[in-house]
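# Coordinate inspection notes
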Amino acid sequence: MGHTAVLIPGDGIGPEVSEATKRILAAAGAQIHWIERAAGVAALDQGADSVLPADTVNAILEHKIALKGPCTTPIGGGFSSINVALRKKLNLYGAVRPVRSLDGVPTRYENVDLIVIRENTEGLYAGIENTITEGVITSLKVATLDACRRIARFAFEYALTRGRKRITVFHKANIMKLSDGLFLKCAHEVHDDYSNDIAYDEQIIDAGCMRLVQDPGRFDVILCENLYGDVISDLCAGLVGGLGVTPGANFGGDAAVFEAVHGSAPDIAGQGVANPLALLMSGVMMLRHLAETRGDETCTVAADRIREAYNACLTSGHKTRDLGGTLGTSEFADAVCAQLQRQGAVR
Ligand code: NAI
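What this report covers is the structure whose coordinates are included nearby. What you are looking at is a predicted structure, and each value in this text was computed from that prediction instead of being measured.

Now for the packing of helix 7 (residues 205-214) against helix 8 (residues 226-240). It is at 11 Å that the axes of helix 7 and helix 8 come closest, and there the two elements cross at 15°. In this view, helix 7 runs roughly parallel relative to helix 8, as classed from their interaxial angle. Once helix 7 is placed against helix 8, the crossing between them reads as right-handed. Within the contact between the two elements, helix 7 uses Ile205, Cys209, Leu212 and Val213 and helix 8 uses Tyr228, Ile232, Leu235, Cys236 and Leu239. Here the residues of the contact of helix 7 with helix 8 sort into nine nonpolar, no polar and no charged.

Given below as structure tokens:
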């Protein structure tokens, strides 16, 4: 059984880490037929008339699965975020970002194993900003009952099916009493249906951040609205080795788009030094999703093999620069492929 998936290399380090990931998935025996489509500045460079061509969106709608590299968004002006637009267009309302300590990547903490679940479609990312009069800007934070209930249900279902034991909502409902208040109320209500299996608590986000960096082991699943989820994801990435090792997935509607938490990293783009692990791990999440939704056990086998191979590489000191190693993007991919071959030989 094979699967067709859309590959969006994206901008900056995107093409480098995408190429490495594609190579490793193939070496692990994953039967993926890639359809490559452009988004971001890369799309304009290739002659498209938009940063998010209809052709790209339609391909994801058709094939339901995509692996996406990062796309650049200009700061303080220019075009709006392609990532936000894509999530809205495809109704990818639930972002899942697992954050785990890795053998061979020593950090201040051991045994971090948590998941950030982020509402992906509203909050301040609704992008409704207005100049009221010169020097006065408003930015509208949107919270709707449907979306708040939907992400709460998604988070509890996700936690339940993965054997997770606690959901903590990070919020600021002491200040944003209505919008964050609605988010909290929905999470609280949905918890009633899961109270036998999953514990629930709420933390004001500022104190929650302090506790996260003091003792991340106390957290299991953290549920947040859009902006908080964005910020908390990067904070959590810092607990386990950085943005080079934090994968992600966006679920909802009929499609699923897998992408690393990191951005296009313009400071290192084109140098061949980016860590491809975050996108590779996102690819592993994609394989597990394919196994789950399409019953293809070969995807589980490939996912397990890749995980074993990159863990072996990390513990034997084969690492990229961000993790204190010396390998480039492609050299790290070579090391993982060689490890896959060795694993294959001993089976
Ligand atoms: P960034 O995540 O691109 O980079 C932050 C820092 O982490 C940089 O020092 C970078 O070199 C490092 N880094 C990131 N990924 C790495 C990797 N795989 N290996 C080694 N080092 C890595 O965040 P930044 O600089 O805030 O954003 C750059 C651009 O990316 C912006 O245009 C932003 O809008 C966009 N972005 C896109 C995202 C997406 O497409 N999903 C997500 C986040 C940002």
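So, next bit.
Our next topic: the side chain of Arg164. Considering the arrangement of structural elements, one finds Arg164 in the loop between helix 5 (145-161) and strand 8 (166-171). Judged by its relative accessible area of 10%, Arg164 falls in the buried class. A distance of 2.8 Å separates a polar atom in the side chain of Arg164 from a polar atom in the side chain of Asp220. Once you skip the residues sitting within four places of it in the chain, Arg164 turns out to touch Arg100, Asp113, Leu114, Ile115, Ala159, Asp197, Ile198, Asp220 and Val221.

In total, this model carries eight aromatic pairs according to the counting rule given. Relative to Phe219, the ring of Phe170 has its centre 5.7 Å away and its plane inclined at 85°; by these criteria the two rings are edge-to-face. Residue Phe170 is found in strand 8, and its partner Phe219 is found in the loop between helix 7 and strand 10 (221-224); the two are separated by 49 residues along the sequence. Since its relative accessible area comes to 4%, Phe219 is described here as buried. Joined through ring pairs, the aromatic side chains of Tyr93, Phe154, Tyr158, Phe251 and Phe258 make up one cluster. One cation-aromatic arrangement involves Arg118 over Tyr125; the distance from NZ or CZ to the ring centre is 5.2 Å. Taking the ring centre of Tyr158 as reference, the NZ or CZ of Arg162 above it sits at 3.9 Å.

A few words now on helix 7. Within an α-helix, residues lying three or four positions from one another point in the same direction, as the helix has 3.6 residues per turn. Listed as buried for helix 7 are Ile205, Gly208 and Leu212. One side of helix 7 holds all its buried residues, which, seen down the axis, span an arc of 50°. Summarising the contacts, the buried residues of helix 7 are in contact with strand 5 (113-119), strand 8, strand 9 (199-204), strand 10 and helix 8.

Scanning the model with the defined rule gives 19 salt bridges in all. In this structure, Glu259 and Lys68 form a salt bridge, with 2.8 Å as the shortest nitrogen-oxygen distance. You can see Glu259 sitting in strand 12 (residues 255-259) and its partner Lys68 sitting in strand 3 (residues 65-68), a full 191 residues away along the chain. Comparing Glu259 with Lys68 shows no difference in burial state: the two are buried. Ionic pairing is found between Arg87 and Glu259, a salt bridge with its closest N-O pair at 2.8 Å. Here Glu259 lies in strand 12 and Arg87 lies in helix 4 (residues 82-89), a separation of 172 residues in the sequence. On the basis of relative accessibility, which here comes to 7%, the residue Glu259 falls in the buried class. In the salt-bridge network here, residues are joined through shared partners; they are Arg100, Asp113, Arg164 and Asp220.

We now examine the site of the ligand. Close to the ligand lie 22 residues, the nearest being Cys71, Thr73, Gly263, Ala265 and Asp267. Between Asn83 and the ligand, the recorded distance is 3.0 Å, taken from a side-chain N or O atom to an oxygen atom. A distance of 2.9 Å separates a nitrogen atom of the ligand from a polar atom in the backbone of Asn275. Computed on the free molecule, the ligand has an accessible area of 810 Å², of which 70% lies beneath the protein chains in the complex. Each residue belonging to the shell around the ligand can be placed in one class, and the counts come to nine nonpolar, eight polar and five charged.

The rules behind these values
Residues take numbers from 1 onward in each chain, read along the sequence in its written order. Confidence filtering applies because this is a predicted model: local features only for residues at pLDDT of at least 70, side-chain atom pairs given and counted only at 80 or more, and all residues used for totals across whole chains, interfaces and linings. For the side-chain quantities, the full set of heavy atoms in the structure was used; hydrogens and water were omitted. Axis definition: a line fitted to C-alpha atoms, limited for helices to the stretch in contact. Angles are taken between N-to-C directions and run from 0 to 180 degrees. Think of it this way: any DSSP run of H or I at least four residues long counts as a helix, any run of E at least two long counts as a strand, and we number them from the N terminus. Reported orientations rely on four angle classes, namely roughly parallel under 35 degrees, roughly antiparallel over 145, roughly perpendicular from 65 to 115, and oblique for the rest. A crossing counts as left-handed when the near helix is turned anticlockwise from the far one by less than a right angle, and as right-handed when that turn is clockwise. Note on definitions: a residue-residue contact is assigned when non-hydrogen atoms from the two residues lie within 4.5 Å. Each residue receives one of three labels: charged for Asp, Glu, Lys and Arg, nonpolar for Ala, Val, Leu, Ile, Met, Phe, Trp, Tyr, Cys and Pro, and polar for the others, Gly being one of them. Three labels apply to residues, based on accessible area from a 1.4 Å probe with only protein chains included: buried if under 20% of the type maximum, exposed if over 50%, partly exposed otherwise in between. N or O atoms closer than or at 3.5 Å make up a polar contact, with two conditions inside protein: a donor-capable atom paired with an acceptor-capable one, and, for residues adjacent in sequence, both atoms drawn from side chains. For Phe, Tyr and Trp, rings pair up if their centres lie within 6.5 Å, where Trp contributes its six-membered ring, and each pair is then called stacked (planes under 30 degrees apart), edge-to-face (over 60) or tilted (otherwise). Here, a charge over a ring means that NZ of Lys or CZ of Arg falls within 6 Å of the ring centre while also lying within 35 degrees of the ring normal. As used here, the arc belongs to the directions running from the helix axis to the C-beta atoms. Salt bridge, as used here, is a side-chain nitrogen of Lys or Arg placed within 4 Å of a carboxyl oxygen of Asp or Glu. Whether a residue is near a molecule or strand depends on its heavy atoms: if one lies within 4 Å, it is near. The Shrake-Rupley method, run with a 1.4 Å probe, gives the accessible areas here. Residue values count only the displayed protein chains as cover.

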